[in-house]
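The lines below spell out each chain.
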Amino acid sequence: MRSIAITEIGGAPAQLNLPEPEPGPAESRVRIIAAGLNPLDWKIADGMLKDSVAYSFPLILGVDGAGVVDEAGPDARFGIGEQVFGRFSGVPRGLGTYAEYAIAAEDDAVIPMPDGMLYTQAAALPTAGMTAVQVVDEAGAGAGTSVLVVGATGGVGRPAVSLAASRGATVIATARADAADAIRGLGAAETVDHGRGNLADQVRAVHRDGVDAVIDLVGDRAATERLVPLLKPGGTYVSTVWALNTDALEAQDIRGVNVQSTPTPELLERVVELVQTGGMRVDVEQEIPLARAPEALARSREGGARGKTVIRV
């Protein structure tokens, strides 16, 4: 089967023809129609999980996917012909979603596709949507709160902006000038641009008393330290890249949260409900064929990607 895989940690992703996987007794094999691209994918290729799991090579990349079950074990949750999507856990076994087939394990965050949902939309939802819900929940975004979203133009940032705004929060989002209108269209009340000077100074010029929460999807420890003074006493700083010294923040009366992604079927069902009721948007910005996945991963690594990219398998 066609796939995008690496043959060693740190190796360049490339298209390889590999054997089709076979499902175990409690597993379903899914013919992948579309796969979602996430920064997590190239981080896994770089060895992000090497200290916690044993990598198996060749390692097919990808954790998000949508497709149709074509083979199933006797104890599998899904039967042949069912349309499913979600977050697949096969990467440590070398069985990611950048391939014609993937395996849905018993405890994966994989659920039936809602009626009328496109495969490309379904593939875009899992990691971006579930992460957005988690960070907005942790930030306590709601009516009367102000929230700065750093990395707002990315795959997680956009749904996070839309969700926080739908809950009534005043959202300040980072965006270059050419993306500002699109981010405001998601509900951001204001945008600030890294390229126009000190980010903290730009926010402070409008919010002299500071903000209630920061959702930081990209900043390293040095960057977070520059933004911490923006928070009001008792405020919350949320990081998805584990850049926070939570003990040091607690001493400053700041709640620091390093978010650990915890995908579950229940959380994905919540994402679907939010999308269907207009509480959150996860828009597909670009669709590409499987063969172009390596170059799209390279753009993501360089920070040049915007929005959500979906791979048509």
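For the structure, see preceding data.
Notes on the structure follow. Residue numbers here run from 1 along each chain, matching the order of that chain's written sequence. Only residues with pLDDT of 70 or above have their local features reported here, since the model is predicted, and side-chain atom pairs are shown and tallied only from 80 upward, although totals for entire chains, interfaces and linings are computed over all residues. To get the side-chain values, all heavy atoms of the structure are used, and hydrogens and water are removed first.

**Quick word on the sheet that holds strand S4 (residues 59–60)**
For step 1, the next point in the chain: Two strands qualify as a pair provided DSSP detects at least 2 bridges between them. Helix and strand labels come from DSSP, where a helix needs a run of H or I of at least four residues and a strand needs a run of E of at least two; each type is numbered from the N terminus. Within the open sheet, the 3 strands sit side by side as S2-S1-S4. Their pairing is antiparallel. The open sheet has two edge strands with one neighbour each: strand S2 (14–17) and S4.
For step 2, the next point in the chain: Bridge count between strand S1 (residues 2–6) and S2: 4 bridges; the pairing is antiparallel. Across the sheet, Ile-4 pairs through a bridge with Gln-15, a residue of S2.

**Observations concerning the packing of helix H3 (residues 126–139) against helix H9 (residues 265–277)**
For step 1, the next point in the chain: Only the stretch in contact is used when a helix axis is fitted, and all axes are lines through C-alpha atoms; the angle between N-to-C directions ranges over 0 to 180 degrees. Contact geometry of H3 with H9 gives a least axis separation of 9 Å together with a crossing angle of 90°. Considering the angle they form, H3 stands roughly perpendicular to H9. Contact residues: Pro-126, Gly-129, Met-130, Val-133, Gln-134 and Asp-137 in H3; Leu-267, Leu-268, Arg-270, Val-271 and Leu-274 in H9.
For step 2, the next point in the chain: By the convention adopted, Pro, Cys, Tyr, Trp, Phe, Met, Ile, Leu, Val and Ala count as nonpolar, Lys, Arg, Asp and Glu as charged, and the other residues, Gly among them, as polar. Residues of the contact of H3 with H9, tallied by class, amount to 7 nonpolar, 2 polar and 2 charged. For classification purposes, angles smaller than 35 degrees are called roughly parallel, those larger than 145 roughly antiparallel, those between 65 and 115 roughly perpendicular, and all remaining angles oblique. Whether two residues are in contact is decided by their heavy atoms, any of which lying within 4.5 Å being enough.

**Re the pairing of strand S10 (residues 170–174)**
For step 1, the next point in the chain: Across the 5 residues of S10, 4 count as buried, placing the element largely inside the fold.
For step 2, the next point in the chain: By the bridge criterion, 4 bridges tie strand S9 (residues 146–150) to S10 in an arrangement that is parallel. Bridging from a neighbouring strand, Leu-148 pairs with Ile-172 of S10.
For step 3, the next point in the chain: This β-α-β element, S9 to helix H4 (residues 157–166) to S10, shows right-handed connectivity.
For step 4, the next point in the chain: Pairing of S10 with strand S11 (residues 190–192) involves 3 bridges; the strand directions are parallel. Within the sheet, the bridge partner assigned to Ile-172 lies in S11 and is Glu-190.
For step 5, the next point in the chain: Crossover handedness is defined here as right-handed if the route from the first strand over the helix to the second strand goes clockwise, with the strands pointing away from the viewer. Viewed along the sheet, the connection from S10 through helix H5 (residues 177–185) into S11 turns out right-handed. Buried, partly exposed and exposed residues are distinguished by accessible area as a fraction of the type maximum, computed with a 1.4 Å probe on protein chains only: under 20%, between the cut-offs, and over 50%, respectively.

**Side note on the sheet that holds S11**
For step 1, the next point in the chain: Strand order in the open sheet formed by 6 strands is S11-S10-S9-S12-S13-S14, and the pairing between neighbours is parallel. The open sheet is flanked by S11 and strand S14 (255–258), the only strands paired with a single partner. Averaged over all pairs of adjacent strands, the angle between their axes in this sheet comes to 15°, without regard to strand direction.
For step 2, the next point in the chain: Packing of H4 onto the sheet brings it into contact with S9 and S10, and relative to S10 it is tilted by some 165°.

**A closer look at the packing of H3 against H4**
For step 1, the next point in the chain: In the contact formed by H3 and H4, the axes pass within 8 Å of each other and the chain directions differ by 45°. Considering the angle they form, H3 stands oblique to H4. Crossing handedness for the pair H3 and H4: right-handed. On H4, the residues that touch Ala-128, Ala-132, Val-133, Val-135 and Val-136 of H3 are Pro-159, Ala-160, Leu-163 and Ala-164.
For step 2, the next point in the chain: Across the contact of H3 with H4, the residue classes tally to 9 nonpolar, no polar and no charged. We call a crossing left-handed when the near helix sits turned anticlockwise from the far one by less than a right angle, and right-handed when that turn is clockwise.

**Here we look at the pairing of S9**
For step 1, the next point in the chain: Within S9, 5 of the 5 residues are buried, which leaves it mostly tucked inside the rest of the structure.
For step 2, the next point in the chain: Residues Ser-146, Leu-148 and Val-150 point to one face of S9 and Val-147 and Val-149 to the other, with burial holding for every one of them.
For step 3, the next point in the chain: Relative to strand S12 (residues 211–216), S9 is paired through 4 bridges, and the arrangement is parallel. Bridging across to S12, Leu-148 finds its partner in Val-214.

**Topic: the nonpolar core**
For step 1, the next point in the chain: Definition used in this section: a nonpolar core is a set of buried Ala, Val, Leu, Ile, Met, Phe, Trp, Tyr and Cys residues joined via side-chain atoms within 4.5 Å. Core analysis: the largest hydrophobic core is formed by 51 residues, its most contacted members being Phe-85, Val-161, Val-171 and Met-280.
For step 2, the next point in the chain: Residue contributions to this core peak at 7 residues, all from H3.
For step 3, the next point in the chain: Beyond its immediate stretch of four places on either side in the chain, Val-171 contacts Val-147, Val-149, Val-161, Ala-164, Ala-165, Ala-188, Ala-189 and Glu-190.
For step 4, the next point in the chain: Of all hydrophobic cores here, the second largest spans 35 residues; its members include Ala-35, Trp-42, Leu-59 and Ala-296.

**Observations regarding the packing of aromatic side chains**
For step 1, the next point in the chain: A pair of aromatic rings is counted whenever rings of Phe, Tyr or Trp (Trp by its six-membered ring) have centres within 6.5 Å, and the orientation is called stacked for planes under 30 degrees apart, edge-to-face for over 60 and tilted otherwise. Per the stated rule, a full pass over the model turns up 1 aromatic pair.
For step 2, the next point in the chain: Considering the side-chain rings of Tyr-55 and Phe-57, the 6.0 Å spacing of their centres and the 40° angle between planes classify their relative orientation as tilted.
For step 3, the next point in the chain: Tyr-55 gets classed as buried once you look at its relative accessible area, which sits at 14%.
For step 4, the next point in the chain: Counting as a charge over the ring demands two things of the Lys NZ or Arg CZ atom: a distance within 6 Å of the ring centre and an angle within 35 degrees of the ring normal. One Lys or Arg, Arg-29, reaches over the ring of Tyr-101 and ends 4.6 Å from the middle of that ring.

**A word on the pattern of salt bridges**
For step 1, the next point in the chain: What counts as a salt bridge is simple: a side-chain nitrogen of Lys or Arg found within 4 Å of a carboxyl oxygen of Asp or Glu. Under the counting rule described, the total for this entry stands at 19 salt bridges.
For step 2, the next point in the chain: With its nearest N and O atoms 2.9 Å apart, the salt bridge here joins Arg-167 to Asp-137. Of this pair, Arg-167 sits in the loop between H4 and S10 while Asp-137 is found in helix H3, placing the two residues 30 residues apart along the sequence.
For step 3, the next point in the chain: Note on Arg-167: relative accessible area 28%, which makes it partly exposed.
For step 4, the next point in the chain: Exposure remark for Asp-137: the relative accessible area of 32% places this residue in the partly exposed category.
For step 5, the next point in the chain: In this structure, Asp-212 and Lys-232 form a salt bridge, with 3.6 Å as the shortest nitrogen-oxygen distance. With Asp-212 in strand S12 and Lys-232 in strand S13 (residues 231–239), this pair connects stretches of sequence that are 20 residues apart.
For step 6, the next point in the chain: A cluster of three or more residues bridged by salt bridges with shared partners is formed by Glu-20, Glu-22, Arg-29, Asp-70 and Glu-71.

So yeah, pure geometry; function would need other evidence.
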